[in-house]
Amino acid sequence: MAVKAGIVGYGLAGRVFHAPLLPAAGIVLHGVASSKPEAVKADHPEAVVYGTPEEMFADAAIDLVILASPTPTHTPLAIKALEAGKHVIVDKPFAATVADADAMIEAAEKAGKILTCFQNRRWDGDFLTLRKLMDEGALGEVHSFQSHFEFFKGETSDRWQEKAAPGVGVQFDLGAHQVDQALVLFGRPAWVQGEAIIQRKQGEVADRFALTMGYEGGLRVQIYCSYVSPDFRTKYVVQGDQGAYRKYHMDIQEPQLREGMTPLDAGFGVEPKERFGTLTRVKNAKVINEVYPTEPGTQHEIYVQLRKAIEDGGAPPVLPSEARMTIEVIEAGVRSGEIGERVVL
């Protein structure tokens, strides 16, 4: 029997970032809880449309609940779904606070169900390329990691992501991806220092977040995310004692999904050569630069691994403890800016 999923919310996240990934992962979209039934039926005529999330949770046909709803709803809806006997994947950010994350994890343990977080950017092509280079030792020991995730949105817009509420702001939106990637590569830092600030005149939530994560041995991880960067080309600048990797341009999968492509389409996740990054190697005391091909992106892999975990009883693709740690680091970074000093973890 195929795993049957239900999506809560059919805005940009549910419609573009979740639903198109499911067929390639062998998961059936059984239904959607949404206030936009016409939009759901236009895209998925066979799907059940639920008036409320609770109606979905009561449907015995649903195995997996996908929370693509606003951040403040993540914790209460995740707990309700878990109590109803459903596996749950929560869009990032996992929760608004560490306390909320703990409550969700406790509910999952009590229910004996899988709880995970949609950290799809672990399967971005550039991040997969970076992991490959590091695993192969091409960079040597990394001592400096810079991650950028920036856009230019000069004016605020009337959307929940820009209205003051728990867990809302660029640090939870874009920053959650970057912190998760850094934790995957380097683990828990010893301390963090950062700030989340509002730079747009009409802004209600932080639109710039800068964070430094400090590690024993001198490694420094620097994260920059912003809605107010006219030049947002830089993605990674990673320096090691034997090499470096520099990457411009965001991963190709998001624009492809926005254009209507899916992982089942030829060329999905494949980056054109003009977007490839640069690998710098030190050989015989000489610095050599070369264009380095980007690995194909495979964001649907998060759902492949989740389906296998549901079917076989294994670990989910993102552990709840990992998702919790991301929120802990973000909270500490915001707190650091408020008190003007490092926060030791």
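Scroll up to find the structure.
Keep in mind that what you see is a predicted model, and the values were worked out from it rather than measured. (Residues numbered from 1 in each chain as written. Predicted model: local features only at pLDDT ≥ 70, side-chain atom pairs only at ≥ 80, totals over all residues. Heavy atoms only, no water.)

K.L.:
Explanation requested: the pairing of strand 13 (residues 277-283) in the structure shown.
P.N.:
Residues in a regular strand point their side chains to alternate faces of the sheet. Pairing analysis gives four bridges linking strand 12 (residues 243-248) to strand 13, with the strands arranged antiparallel. Directly across from Tyr245, in strand 13, lies its bridge partner Leu279. Here strand 13 pairs with strand 14 (residues 286-292) via seven bridges, running antiparallel. For Thr278, the partnering residue across the bridge sits in strand 14 and is Val291. Taking the residues that link successive antiparallel strands as the turn, the strand 13-strand 14 hairpin has two residues, and the phi of Asn284 there is positive, at about 50 degrees. (Pairing = 2+ DSSP bridges. Helix = DSSP H or I, 4+ residues; strand = E, 2+ residues; numbered from the N terminus.)

K.L.:
It is not clear to me how the sheet that holds strand 15 (residues 343-344) should be interpreted in this structure. Could you clarify?
P.N.:
Strand pairing in a sheet is mediated by backbone hydrogen bonds. Such pairs are either parallel or antiparallel. Taken in spatial order, the nine strands line up as 14-13-12-11-7-10-9-8-15 in an open sheet, and their pairing is mixed. Here the strands that pair on one side only, and so sit at the sheet edges, are strand 14 and strand 15. With seven bridges joining them, strand 8 (residues 191-197) and strand 9 (residues 208-214) adopt antiparallel strand pairing. Bridge pairing in strand 9 places Ile197 opposite Arg208.

K.L.:
In this structure, what is going on with the nonpolar core? I would like to understand it.
P.N.:
General note: in soluble globular proteins, nonpolar side chains tend to be found buried as a group. Membership of the largest hydrophobic core comes to 95 residues, with the highest contact counts inside it found for Leu64, Phe94, Met213 and Tyr303. Residue contacts for Tyr303: discarding those within four places in its chain leaves His18, Leu21, Leu22, Ala25, Ile27, Leu64, Ile66, Ile89 and Phe118. (Core = buried A, V, L, I, M, F, W, Y, C linked by side-chain atoms within 4.5 Å. Buried < 20%, exposed > 50% of the residue type's maximum accessible area, 1.4 Å probe, protein only. Contact = heavy atoms within 4.5 Å.)

K.L.:
I tried to follow the side chain of Ser69 on my own but got confused; where do I start?
P.N.:
By the element assignment, Ser69 lies in the loop between strand 4 (64-67) and helix 4 (74-83). On the basis of relative accessibility, which here comes to 9%, the residue Ser69 falls in the buried class. At 2.7 Å, the side chain of Ser69 and the side chain of Thr73 are in polar contact. (Polar contact = N/O pair within 3.5 Å; in protein donor to acceptor, adjacent residues only side chain to side chain.)

K.L.:
Sorry, what's going on with the sheet that holds strand 3 (residues 48-50) here?
P.N.:
Spatial ordering of the open sheet is given by 3-2-1-4-5-6, a layout of six strands whose pairing is parallel. Bordering the open sheet on either side are strand 3 and strand 6 (115-118), each of which pairs with just one other strand. The average angle at which neighbouring strand axes cross in this sheet is 25 degrees, direction not considered. Where strand 2 (residues 27-33) meets strand 3, three bridges bridge the pair, whose relative direction is parallel. Residue pairing in the sheet places Gly31 in a bridge with Val48 of strand 3. (Axes fitted to C-alpha atoms, helices over the stretch in contact; angles between N-to-C directions.)

K.L.:
Teacher, can you tell me more about the side chain of Ser229 here?
P.N.:
With respect to the helices and strands, Ser229 occurs in the loop between strand 10 (220-226) and strand 11 (234-240). Classification of Ser229 by relative accessible area gives buried; the value is 9%. Within the structure, the side chain of Ser229 is placed 3.3 Å from the side chain of Ser226, a separation counted as a polar contact.

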